[in-house]
Amino acid sequence: MRVSLLSLLMVLNLGFVPLQTLGLTGSSDWAGFANAQTVGSFAERRLDTVSRPFPGPFDYTEPEDEYAAHSMWHLLLPRTYHAYVGYYHRGERPRPTVVLLHGSGRGGASMIDMWQRVADENDLVLVAPDSAMRRGWSPFLDTSGFLDRVLDHAAETYPIDREQIYVFGHSAGAIHATGLARENALNAVAFGAHGGFPKHVGRSAVETRASISFFLGQWDQLFAVEDARATGQALAANGHDVTLAVLPNHSHWYYADGPAVSRDAWRLLQRDSRTARN
């Protein structure tokens, strides 16, 4: 198999390019592998709660000063994350916390904007870091160690429950979230990914296999349902419990129906966390 030098450099340096651009395959590499380890489950479902017809408006502006921004240093680099605690939060009791990973060209505030209602309704803490490079998530700079450091820093201000950490990403952030799930990053109880997934998945390096829920629009312009199905089945063969939730009349554009999609995502992530604990 030949892979162009440019494609390799894009992945190594930026970490945001969907791996299907490299021409790598998905589930065909898994023949016979499932017999060597515990096999997870794969389920596909249809979510009808998102009703806006495709394509919907494409005019979202990310808020600049609406959500608290915090600065810190990591690996000698200045880093920023955004945070929000549910409006009705009372007391200092630690709360379930969702780490949000934004899409390419966006920042963490865009993800909090899509999850604010969910946080208010469920008394959640939201933590949304900015990627090291605006265009996407780097596997070298935006590691699980960086996210762990972000949570430690945020815990100085917000009532974070480190036993109830969830991770959710959109587009480039979804691809990064899937990679984090494969290493069981942050000991998160569940991972979610909207509008993105790696087409090729290698063998997970940890014994504990985190659950993953993929949320994909029926008319997603960048990622096909059949490819998501192949990736989900490959991850299940590698021991993960995977759900593929197909959203009718929904495209790759998260921001038109973001709050509704996020509400559905939270419900599935909660279900996954309960299953993991049983």
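Everything numeric here is computed off the predicted structure, so don't read it as measured data. Numbers given to residues run from 1 along each chain, matching the order in which its sequence is written. Where totals are concerned, whole chains, interfaces and linings use all residues; where local detail is concerned, this predicted model gives features only for residues with pLDDT of at least 70, and gives and counts side-chain atom pairs only at 80 or more. Side-chain metrics in this entry use all non-hydrogen atoms of the structure; hydrogen atoms and water are not considered.

Caption draft 1: Helix α4 (residues 172-182), seen in detail. Relative accessibility under 20% of the residue-type maximum defines a buried residue, over 50% an exposed one, and the middle range a partly exposed one, all with a 1.4 Å probe and only protein chains included. By definition, any uninterrupted DSSP run of H or I lasting at least four residues is a helix, any uninterrupted run of E lasting at least two residues is a strand, and each is numbered from the N terminus. Judged by how many residues are buried, α4 sits mostly within the fold: 9 of 11 residues are covered. Considered for burial, the residues of α4 that qualify are A172, G173, A174, I175, H176, A177, T178, L180 and A181. Looking one or two places after α4, you find N184, whose phi comes out positive at around 55°.

Caption draft 2: Expanded view of the sheet that holds strand β2 (residues 68-74). Here we have 9 strands laid out as an open sheet, ordered β1-β9-β8-β7-β6-β4-β5-β3-β2, and mixed in their pairing. Two strands bound the open sheet, and with one partner strand each, they are β1 (42-46) and β2. On average, each strand axis in the sheet is tilted by 25° relative to the strand beside it, whichever way the strands run. Running over the sheet, helix α3 (residues 144-154) touches β2, β3 (77-85), β4 (95-101), β5 (125-129) and β6 (160-170) and is turned about 125° from β2. The pairing criterion is simple: DSSP has to find at least two bridges between the two strands. Fitted lines through C-alpha atoms give the axes, limited to the stretch in contact for helices. The angle between two N-to-C directions lies from 0 to 180 degrees. Only heavy atoms enter the contact rule, under which two residues are in contact if any of them lie within 4.5 Å.

Caption draft 3: Quick peek at the pattern of salt bridges. We count a salt bridge whenever a side-chain nitrogen from Lys or Arg sits within 4 Å of a carboxyl oxygen from Asp or Glu. Under the criterion given, the structure shown has 10 salt bridges. Residue K199 pairs with D227 through a salt bridge whose shortest N-O separation is 3.7 Å. Note that K199 is positioned in the loop between β7 (190-194) and β8 (212-217) and D227 in helix α5 (residues 225-237), a separation of 28 residues in sequence. For D227, a relative accessible area of 24% gives the class partly exposed. What you see here is one network of salt bridges that share partners, running through D148, D152 and R162.

Caption draft 4: Inspection of the side chain of H170 at higher detail. With respect to the element layout, H170 can be found in strand β6. Residue H170 is classed as buried on the basis of its relative accessible area of 3%. Setting aside its immediate chain neighbours within four residues, H170 contacts L101, H102, G103, M111, H194, H252, Y254 and Y255.

Caption draft 5: Just the nonpolar core, in detail. Joining through side-chain atoms within 4.5 Å is the link that ties buried Ala, Val, Leu, Ile, Met, Phe, Trp, Tyr and Cys residues into a set, and such a set is a nonpolar core. Membership of the largest hydrophobic core comes to 42 residues, with the highest contact counts inside it found for V99, L101, V127, I160, V167, L186 and F214. When residues of this core are assigned to their parent elements, the largest contribution, 6 residues, is made by α4. When residues no more than four places from it in sequence are discounted, the contact partners of L186 are V99, S144, L147, D148, L151, I165 and V167. Ranked by size, the runner-up nonpolar core spans 32 residues in total, among them L47, I112, M114 and L124.

Caption draft 6: Geometry of unusual backbone geometry. Of note in the backbone geometry, D123 takes a positive phi value of approximately 55° without being a glycine. Take D123: it is sitting in the loop between α2 (108-122) and β5. In this structure, N249 is a non-glycine residue whose phi angle is positive, near 55°. Take N249: it is sitting in the loop between β9 (242-247) and α6 (258-277).

Read these as geometric descriptors, not functional statements.
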